[in-house]
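# Notes for the structure review
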Amino acid sequence: MNQFHYEYKMAKSWTLQAGSMLKEAIAENIKVEYKTSLSDLVTEQDRGIENYFIHNIKKEFPDHFILGEEGQSNDREFNPYENYVWIIDPIDGTTNFIHQKRNFSISVAFYKNGKPIFGFIYDPIQEELFEAIKGGGAYINQSKLPEAKPAGLGEAVISINPMWLIPNNKFDHQKFIPIVDKARAVRYLGSAALEMAYVASGRLDAMLDFRLSSWDIAAGLIILNEVGIIPTKVNNEPIDVFQHATTLAARPNLHEELLFYLK
Ligand code: IPD
Ligand code: CA
Ligand code: CA
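Residues numbered from 1 in each chain as written. Chains lettered and ligands numbered in written order. Predicted model: local features only at pLDDT ≥ 70, side-chain atom pairs only at ≥ 80, totals over all residues. Heavy atoms only, no water.

## Thoughts on the coordination of the calcium ion (ligand 3)
Distances from the calcium ion (ligand 3) to its protein donors, namely Glu69 (OE), Asp89 (OD) and Ile91 (O), fall within the range 2.1 to 2.3 Å. Every donor residue of the calcium ion (ligand 3) comes from the same chain, spaced as E-x19-D-x1-I. Here the calcium ion (ligand 3) and the calcium ion (ligand 2) are spaced 3.7 Å apart, with Asp89 acting as a shared donor. Taken together, the residues Glu69 in the loop between strand S3 (65-68) and strand S4 (84-92) and Ile91 in strand S4 connect sequence positions 22 residues apart. The exposure class of Glu69 is partly exposed, given its relative accessible area of 28%. (Donors = N, O, S within 2.8 Å, 3.2 Å for Na, K, Ca; no water. Helix = DSSP H or I, 4+ residues; strand = E, 2+ residues; numbered from the N terminus. Buried < 20%, exposed > 50% of the residue type's maximum accessible area, 1.4 Å probe, protein only.)

Have a look at this one:
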């Protein structure tokens, strides 16, 4: 990792700075625009924070590529498996950012030739920084997160995107009925990155979400891996961070138990 110490240091300071910018923004009037529907929202802060990262990354590391949700980088098509790639969600949980002014995060990850190097998920309202360097453990605000311990569904608090629970064209929603029935409690935070960070830190025992994108999961995968959790798709196929994927992240034995109901 020594090799990427400078990238890591810069990424951390940009992430914290971006968090301060979002914290300032919520004190003002947030202008909302619609992308594809009334529930697909974007703000000038989503674009502004992404541009902030792009500007800094391009200045420091001109040969690196950027994959950001808002597509503000004018990078030409590139092969993520053969390059240095920064994967950025400037605001994960934009709906929460607008409506609740909390429960959102900034997700930043750095990959080399398709392999994880480091990731950050920052909740600027709680001032909680989840971070991991591949092979170096995962941390919340400098405190090391312990290895994930087993738990059964009956003692688990799990996060499920409620869209799974109504008839949909992606998955048989009835398979979720016994899961909801048997779990101790079901929650949905609305920031997939934060949900992954919460699974890594034991605040949630599992999270399941629909078709997530690279920027939703790139940092979360690295952080979870460092506590011994390997997320999969809900059909137990491995996740490729550069492809859209359903996502199931859970404590080791709970993962198996959930897959049993989902098969
Ligand atoms: C969304 C959040 C949400 C998840 C959606 C994502 P955004 O990201 O992570 O929890 O269920 O699939 O698109 O749009 O707020 O960055
Ligand atoms: Ca997102
Ligand atoms: Ca976003």
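The discussion continues.
## A look at the nonpolar core
It is characteristic of soluble globular proteins that their nonpolar side chains tend to be buried jointly. Residues Ile87, Tyr111, Ile121, Phe130 and Val241 are the most contacted members of the largest nonpolar core, which totals 39 residues. Beyond its immediate sequence surroundings of up to four residues, Ile121 is in contact with Ser105, Ile106, Ser107, Glu128, Leu129, Phe130, Ala193, Leu194, Ala197, Ala219, Gly220 and Ile223. Among the nonpolar cores identified, the runner-up in size contains 32 residues, and Ala25, Leu41, Ile66 and Trp86 belong to it. (Core = buried A, V, L, I, M, F, W, Y, C linked by side-chain atoms within 4.5 Å. Contact = heavy atoms within 4.5 Å.)

## Examining the sheet that holds strand S11 (residues 185-187)
As summarised here, the arrangement of the 4 strands in space is S11-S10-S12-S13, forming an open sheet in which the pairing is mixed. Bordering the open sheet on either side are S11 and strand S13 (245-250), each of which pairs with just one other strand. Strand-to-strand twist across the sheet, computed as the mean angle between neighbouring axes with direction ignored, equals 20°. Both strand S10 (residues 157-160) and S11 contribute to a ladder of 3 bridges, which runs parallel. Note that in S11 the partner of Ile158 across the bridge is Val186. Along the sheet, helix H7 (residues 252-262) makes contact with S10, strand S12 (206-212) and S13, crossing S13 at roughly 135°. (Pairing = 2+ DSSP bridges. Axes fitted to C-alpha atoms, helices over the stretch in contact; angles between N-to-C directions.)

## Concerning a nonpolar patch on the surface
Judged by side-chain polarity, Val32, Tyr34 and Leu38 come together as a nonpolar surface patch covering roughly 330 Å² of accessible area. Its place among the elements puts Tyr34 in strand S1 (residues 32-34). (Patch = residues over 30% accessible without salt bridge, like charges linked within 9 Å, V, L, I, M, F, W, Y side chains within 5 Å. Areas by Shrake-Rupley, 256 points an atom, 1.4 Å probe, with all protein chains shown as cover. Salt bridge = Lys/Arg side-chain N within 4 Å of Asp/Glu carboxyl O.)

## A look at the packing of aromatic side chains
As enumerated under the stated definition, the model contains 24 aromatic pairs in all. Between Trp86 and Phe110 the ring centres are 4.9 Å apart and the planes differ by 45°, which places this aromatic pair in the tilted class. Separated by 24 residues along the polypeptide, Trp86 in strand S4 and Phe110 in strand S5 (residues 105-112) bring together distant segments of the chain. With respect to burial, Trp86 and Phe110 carry one shared label: buried. Ring-pair connections join several aromatic residues into one group, and the members of that group are Phe4, Tyr6, Tyr8, Trp14, Phe61, Tyr84, Trp86, Phe110, Phe118 and Phe120. It is Lys58 that lies over the ring of Phe65; its NZ or CZ is 5.9 Å from the centre. Of note, Lys170 hangs over the ring of Phe210, and the distance from its end group to the ring centre comes to 5.1 Å. (Phe/Tyr/Trp six-rings, centres within 6.5 Å; stacked < 30°, edge-to-face > 60°. Lys NZ or Arg CZ within 6 Å of the ring centre and 35° of its normal.)

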